[in-house]
Every structure is written in C-alpha cells, then in structure tokens.
Amino acid sequence: MLKTMGNYENSKSKVVRTWKVAQGDFKCCGVNNYTDWLDHSPNKTIPQSCCKEHPCDTTDDTKLYQKGCLNSFIDWAKSKILIIGGAGIGLAFVQILGVILACCLARTIKKEYEVV
C-alpha cells in the first residue's frame, strides 16, 4: 500500500480513485496514519480525501482522519468474518455435493454400460 502512494501524482490514475474511495468509505488516511502521505507521496502533501469535512486545510491534523486504512480494513474484515466464513463453507458444500453426484452418475453409467 505504501508503494502505491508514490504513484498518487496522476489525478486520473486508478491509484488515485482507489485511495479516494478507500479513505472516504473507511474514514481513514494513509496506511498507518496521515503522516504516511508526508513520507511517501511524490509531492509530500496530504490528499483532500483524508479530510473529515470537504474542503479542509490538510496542514491542520485535527481536521484529518487519524486512523490508518490498513487497520480500518482489518477491523471491517473482522466484522464480516462470519459472512465470509459462511460463504466459504457454503461453496465447499456445493463442491463436495457436486463430486458426490458426479461419482453417482459415473457408477450409474458404468452399470448401464455393463448391461448392454
């Protein structure tokens, strides 16, 4: 994630759109916190998507999201772990059922072949 901050200079790039969406949706700034932008962005400025309210003065850290996006994403994933796990178990069940039915079909075809 820190490497993508170095590609933030092109305002039409997918990197810029991804960071804007992530920081807006997760209400976060940078990877660990807002100072990541000062260390890793090409122009050493904090983007407006880090602001709690738009527009804001990005030099005033009280108006910026303090939490990093990595921690925000981890918290979001932890809150959705039951849904993610349930979907995984559901898909595994469907695949196992498919294997069982395929074996039954193969056995039936083999019996029919032997009769003829």
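Residues numbered from 1 in each chain as written. Predicted model: local features only at pLDDT ≥ 70, side-chain atom pairs only at ≥ 80, totals over all residues. Heavy atoms only, no water.

So, on to the packing of aromatic side chains. By the definition in use, this model includes four aromatic pairs. With a centroid separation of 5.2 Å and 70° between ring planes, the pair formed by W19 and W37 is classed as edge-to-face. Remark: W37 occurs in helix α3 (residues 35-40) and W19 occurs in helix α2 (residues 14-25); sequence separation between them is 18 residues. For W37, a relative accessible area of 0% puts it in the buried group. Among the aromatic residues, those joined into a cluster by ring pairs are F26, F73 and W76. (Phe/Tyr/Trp six-rings, centres within 6.5 Å; stacked < 30°, edge-to-face > 60°. Helix = DSSP H or I, 4+ residues; strand = E, 2+ residues; numbered from the N terminus. Buried < 20%, exposed > 50% of the residue type's maximum accessible area, 1.4 Å probe, protein only.)

The next subject is the state of the cysteines. By the definition in use, this model includes three disulfides. Here C28 connects covalently by a disulfide to C69, the sulfurs 2.0 Å from one another. Taking the torsion about the S-S bond as the criterion, the C28 to C69 disulfide, at about 90°, is right-handed. Note that C28 is positioned in the loop between α2 and α3 and C69 in helix α4 (residues 69-79), a separation of 41 residues in sequence. Take C28 and C69: they sit in the same class, and that class is buried. Across the disulfide, C29 is cross-linked to C50 (sulfur-sulfur distance 2.0 Å). Measuring the twist about the S-S bond at about 80°, one finds the C29-C50 disulfide to be right-handed. Of this pair, C29 sits in the loop between α2 and α3 while C50 sits in the loop between α3 and α4; the two residues are 21 residues apart in sequence, bridging distant segments of the chain. Neither residue differs from the other here; C29 and C50 are each classed as buried. Ordinal numbering of bonded cysteines along the protein chain defines a disulfide pattern of 1-6, 2-3, 4-5. Free cysteine: C103, not disulfide-bonded; nearest cysteine sulfur from C104 at 7.0 Å. (Disulfide = S-S within 2.5 Å.)

Attention now goes to the pattern of salt bridges. Inspection of every chain in the model, using the stated rule, returns one salt bridge. The salt bridge involving K67 is made with D75; its shortest N-O contact spans 2.4 Å. Exposure remark for K67: the relative accessible area of 38% places this residue in the partly exposed category. Classification of D75 as partly exposed rests on a relative accessible area of 38%. (Salt bridge = Lys/Arg side-chain N within 4 Å of Asp/Glu carboxyl O.)

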